[in-house]
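Observations on the model geometry
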Amino acid sequence: MVLSPEATSETTDNPLQVPSETEAVESMPSDIEITYYTDPLCSWSWAIEPQWRRLRYEFGDRLQWRYAMGGLIPDWQKFSDPLNDICRPVQMGPLWVQIRDITGMPVREGIWVEDPPNSSYPACLAVKAAQQQGNTVAEVYLRRLREAVMVEQRNIARDEVLWELAEELSGAIDLGQFQEDLDSAETVEAFREDIKDMRYRGSGRFPALILRPRNGRAVLLVGFRPYKVLRDAIAHISPETEPQRSATDAIAYTTYWGRITAPELAEALNLQTSDARQKLDDAVQEGHLARSGEFYRER
């Protein structure tokens, strides 16, 4: 189910406690393990990318994380979002407009009229196939899926689009293994396990993050969250865990991620989006960065 900020605010200041899984995390080199339940077609997960990226940048290897795919839209006969009054593809567009207006993240809603994805399952399976090569590969591929559908209006329910996006990332993804894993029983089973785990946790909404410390109880955060809420959750479950660094430079932060949007830099540097965009545009004019539409990247 896609979720509006109003529907998720109930847990903002009082994270839901979930059972401890101390044995699973005691051997981790990091302080906190995060399981992130999401879906490539979840627009609120795209909206929280600035906060999610800032969190990982600042805390570095104090965090260990993995993605679990939620299967947002099996198909349009089985999907319904009563909260936002959505049961047909064309009704998804206004929600995307709302998300753009609220968060500032670039979103183009026309795909829901021109070429609506009929399911999020193919993209979820593709992420699980990429994850067979490690969480870093899954991260790169999932991010590219989000960019493609949210901004470029590419239908990520189509097999040819999933493959084209993998080819774009051929420097990061082993394409032969990816193709093999796309059709493997292991990938299908991994996706099934994600859905089963999500249902066991009682979280049918995205994004949803379970943060588990080395010892003690974990917290579950559901829905779009300001950065302060993510930081407060870490302080709540692991008071000794402190950030390792903070972003201070537009060029360095862009280079770290390879490709960013103005709202992502604004979040990292505590700026207004207009001021962040000006910094990025200045860096482009000076030849330090390149720009393609809404995205800025290292040269």
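Structure first, text after, so check above.
Computed from a prediction, not measured in an experiment: that's the story for all the values here.

A complete count under the given rule lists 28 salt bridges for this structure. Taking the shortest distance from any N to any O, the salt bridge between D194 and R66 comes out at 3.8 Å. A residue pair is termed long-range when its members are at least 10 positions apart, and D194 in helix α11 (residues 185-201) and R66 in strand β3 (residues 63-69) qualify at 128 residues. Taking relative accessible area as the criterion, R66 reaches 31% and is therefore assigned partly exposed. Across the salt bridge formed by E189 and R192, the nearest N and O atoms sit 4.0 Å from each other. In this pair, E189 and R192 both sit in helix α11, 3 residues apart, roughly one turn of the helix. We classify E189 as partly exposed; its relative accessible area is 36%. Relative accessible area serves as the criterion here: at 54%, R192 is assigned to the exposed category. Counted as one network, the salt bridges with shared partners bring together E49, R53, R143, R144, E147, E152, R154, E164, E168, R259 and E264.

Before going further, it helps to examine the sheet that holds strand β6 (residues 259-260). In sheet architecture, strand pairing relies on hydrogen bonds along the backbone and comes in two forms, parallel and antiparallel. The strand order β6-β8-β7 describes an open sheet built from 3 strands, whose pairing is antiparallel. The two strands at the open ends of the sheet, each matched to only one other strand, are β6 and β7 (289-292). Two elements, β7 and strand β8 (residues 295-298), share 4 bridges in a ladder whose sense is antiparallel. Each residue of the ladder has a partner; that of L289, found in β8, is E298. Lying over the sheet, helix α15 (residues 273-285) contacts β6, β7 and β8, oriented at roughly 115° with respect to β7.

Within the largest apolar cluster, 75 residues are counted, with the highest numbers of intra-cluster contacts made by I34, L55, M92, Y141, I156 and L211. Ranked by the residues each element gives to this core, the list is headed by helix α8 (residues 135-150), at 8 residues. Once residues lying within four places of it in the same chain are set aside, the contact partners of L211 are I32, E33, I34, A218, V219, L221, A233, I234 and I237.

Bringing the packing of aromatic side chains into the picture now. Tallied over the entire structure, the rule returns 16 aromatic pairs. Ring geometry for W96 versus W112: centroids 5.4 Å apart, planes at 90°, classification edge-to-face. With a gap of 16 residues between them, W96 in helix α5 (residues 92-103) and W112 in helix α6 (residues 111-114) connect regions that are remote in the sequence. For the pair shown, W96 and W112 are each scored as buried. Seen in terms of ring centroids, Y253 and W257 are 6.4 Å apart; in terms of plane orientation they differ by 75°. Their pairing is edge-to-face. In this pair, Y253 and W257 are both assigned in helix α13 (residues 250-257), 4 residues apart and thus about one turn of the helix distant. One exposure class covers both Y253 and W257, and it is buried.

Calculation rules
- Residues numbered from 1 in each chain as written.
- Predicted model: local features only at pLDDT ≥ 70, side-chain atom pairs only at ≥ 80, totals over all residues.
- Heavy atoms only, no water.
- Salt bridge = Lys/Arg side-chain N within 4 Å of Asp/Glu carboxyl O.
- Helix = DSSP H or I, 4+ residues; strand = E, 2+ residues; numbered from the N terminus.
- Buried < 20%, exposed > 50% of the residue type's maximum accessible area, 1.4 Å probe, protein only.
- Pairing = 2+ DSSP bridges.
- Contact = heavy atoms within 4.5 Å.
- Axes fitted to C-alpha atoms, helices over the stretch in contact; angles between N-to-C directions.
- Core = buried A, V, L, I, M, F, W, Y, C linked by side-chain atoms within 4.5 Å.
- Phe/Tyr/Trp six-rings, centres within 6.5 Å; stacked < 30°, edge-to-face > 60°.

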